[in-house]
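# Structural overview for review
Spelled out, the chains give:
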Amino acid sequence: MPIATVNPANGETLKTYEAMGEEELERRLQLAQATFRTYRTTTYAERARLLNRAADLLDEDQQEIGRMMTTEMGKPVKQARAEAAKCARAMRWYAEHAAELLADEEPSAADVKDSGAARALVRYRPLGPVLAVMPWNFPLWQVVRFAAPALMAGNVGLLKHASNVPQTALYLEDLFHRAGFAEGCFQTLLVGSGAVDDILRDERVKAATLTGSEPAGRAVAATAGEMIKKTVLELGGSDPYVVMPSADIDRAARIAVTARVQNNGQSCIAAKRFIVHTDVYDAFAERFVAGMAALKVGDPLAEETEVGPLASEQGRADLEELVDDARRSGAEVLCGGERPDGPGWYYPPTVLAGVTREMRVHREELFGPVATLYRAADLDEAVLIANDSPFGLSSNVWTRDEAEVDRFVRDLEAGGVFFNGMTASHPGFPFGGVKRSGYGRELSGHGIREFCNITTVWHGA
């Protein structure tokens, strides 16, 4: 895949880039290693000063970077600006909380005494250069939620971004440099996916994090396992959105629309499978389908646009294939389902009902504005349908019944359970999944400690 910006609204190639050669890649790996030796000794206060400056610059650049992201991957420009603002907030959150999250831990006095020590502690130390393999769908946020904690922990970052968002990738490198970070603290590697294996095998790279597809995750995990290097993987998701009879149906249906089509439906944590108790199924379906059909699809740079184009022509073709397979197998198309005429990689908001386990849409991730509707007879069947997926990233449940809340928290196979609202990531909460959605956690204290050497320090009596 070429490294290029191709506007998904019209298919026009705006900029192309040559992949870095071996000499330049080697220079950057050497720089990362050398920079880490000194950066690791900086104080939390100094790192926080730099990261807060990066946040300030990002706020100043919000209009410019918002348009850039939109022309590279097609998200509505209002959502792009909101993504930039969210990144700045996350930087400030880690700048404020990192020292506390990574403070030395004191074992209990009883354990210290029992071990024969005069004193002991646990200290979090940085690992070194960390490779980040990142996707195009949230081209700023996916990177910042790795970079902010990694830099605050004293690591340095090497970014291999998706090949269709090179301008955003280069912007991120420039942002951290303008903020005052040394050149080797954060570097963008303009290379194709074929170069990732060799980079990960390099002894100077100490760990890796990947957000992306299941095949990409398998490849990185296999190499990292062979090299015995730590990895964090955030892969696909097919999140359930369960609606029970006690829910506020109007609100549940309204938020369901946003939960499905955020980022043009191209989000791992977007709700994708809508599982509705039979007692409220008809009422919910009527409102949900009407809301999906009413969305304004169009130019992503227009302020009024709610759904823009998919990021790539192949992405649209893959989505169409899944919808067509479901239709041929008997699914009912309640709205959408037909590619519009004209330029750009647009696909209309679509709702499928009557989905069965034999259909591909039941077990594969729909990466676009397509929702599947399921009818559940009771709570047990709702849980059964929700868990009948290879993925387990997050989940949404609408209920006012506390007994049901307890059951869903206990029984849903997911990294998060969001009640009476849609899944969202926040720096204060751990983010990640189970099953084929990956392993490890990003964000919060759990995320910043993923790439730390958790060191026991013991002093004899």
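So, here is what we can say about the structure in this document. (Residues numbered from 1 in each chain as written. Predicted model: local features only at pLDDT ≥ 70, side-chain atom pairs only at ≥ 80, totals over all residues. Heavy atoms only, no water.)

### Considering the pairing of strand β8 (residues 230-234)
Within β8, 4 of the 5 residues are buried, leaving the element largely enclosed by the surrounding structure. One ladder, built from 5 bridges, connects strand β7 (residues 207-211) with β8; its direction is parallel. The partner of L210 across the bridge, within β8, is L233. Relative to strand β18 (residues 438-439), β8 is paired through 2 bridges, and the arrangement is antiparallel. (Buried < 20%, exposed > 50% of the residue type's maximum accessible area, 1.4 Å probe, protein only. Helix = DSSP H or I, 4+ residues; strand = E, 2+ residues; numbered from the N terminus. Pairing = 2+ DSSP bridges.)

### Digging into the state of the cysteines
Counted under the stated rule, the structure contains 0 disulfides. Looking at the unpaired C268, the closest cysteine sulfur is the one in C87, lying at 16 Å. (Disulfide = S-S within 2.5 Å.)

### A few points about the packing of helix α4 (residues 77-101) against helix α6 (residues 141-153)
Packing of α4 against α6 brings their axes to within 9 Å, and their N-to-C directions diverge by 15°. Taken together, α4 and α6 sit at an angle that is classed as roughly parallel. Relative to α6, α4 is oriented so that their crossing is right-handed. Residues E83, K86, C87, A90, M91, Y94, A95 and A98 of α4 form the contact with α6, whose participating residues are W141, V144, A148, P149 and M152. Its residues assigned to classes, the contact of α4 with α6 comprises 11 nonpolar, no polar and 2 charged. (Axes fitted to C-alpha atoms, helices over the stretch in contact; angles between N-to-C directions. Parallel < 35°, antiparallel > 145°, perpendicular 65-115°, else oblique. Left-handed = near helix turned anticlockwise from the far one by under 90°. Contact = heavy atoms within 4.5 Å. Nonpolar A, V, L, I, M, F, W, Y, C, P; charged D, E, K, R; others polar.)

### A look at the sheet that holds β8
Strand order in the open sheet formed by 6 strands is β6-β5-β4-β7-β8-β18, with mixed pairing between adjacent strands. A strand with exactly one partner marks an edge of an open sheet, and here the two such strands are β6 (186-188) and β18. Against the sheet, helix α9 (residues 214-227) engages β7, β8 and β18, with an angle of about 170° to β8.

### So, unusual backbone geometry
The backbone phi angle of N263 is positive, close to 60°, even though this residue is not glycine. Position of N263 relative to the elements: it lies in the loop between α10 (249-261) and β10 (271-277). Its identity as a non-glycine residue notwithstanding, S444 has a phi of 60°, on the positive side. Counting through the fold element by element, S444 comes out in helix α16 (residues 444-449).

### Remarks on the nonpolar core
Most often, soluble globular proteins have nonpolar side chains that are buried together. In terms of nonpolar packing, the biggest core is built from 82 residues, with L58 and F176 touching the most fellow members. Top contributing element to this core by residue count: α4, with 11 residues. Residue contacts for F176: discarding those within four places in its chain leaves L51, A54, M91, A147, L151, F181 and F186. Grouped together as the second largest cluster of nonpolar side chains are 29 residues, A252, V276, V351 and W398 included. (Core = buried A, V, L, I, M, F, W, Y, C linked by side-chain atoms within 4.5 Å.)

### Describing the pairing of strand β4 (residues 129-133)
Of all 5 residues in β4, 5 are buried; the element is thus mostly enclosed. Relative to strand β5 (residues 156-160), β4 runs parallel, the two sharing 5 bridges. Paired with V130 across the bridge in β5 is G157. Read as a crossover between parallel neighbours, the route from β4 over α6 to β5 is right-handed. The pairing of β4 with β7 spans 4 bridges and is classified as parallel. When the bridges of β7 are listed, V130 appears paired with A207. (Right-handed = clockwise from strand over helix to strand, strands pointing away.)

### As for α6
Every α-helix winds through 3.6 residues per turn, so residues three or four apart in the chain are directed the same way. Counted at 1.5 Å a residue, the expected span for α6 with its 13 residues is 18 Å, and the 18 Å between its end C-alpha atoms agrees. For α6, a buried count of 13 out of 13 residues is recorded, marking the element as mostly surrounded by other parts of the structure. (Expected span 1.5 Å × (residues − 1).)

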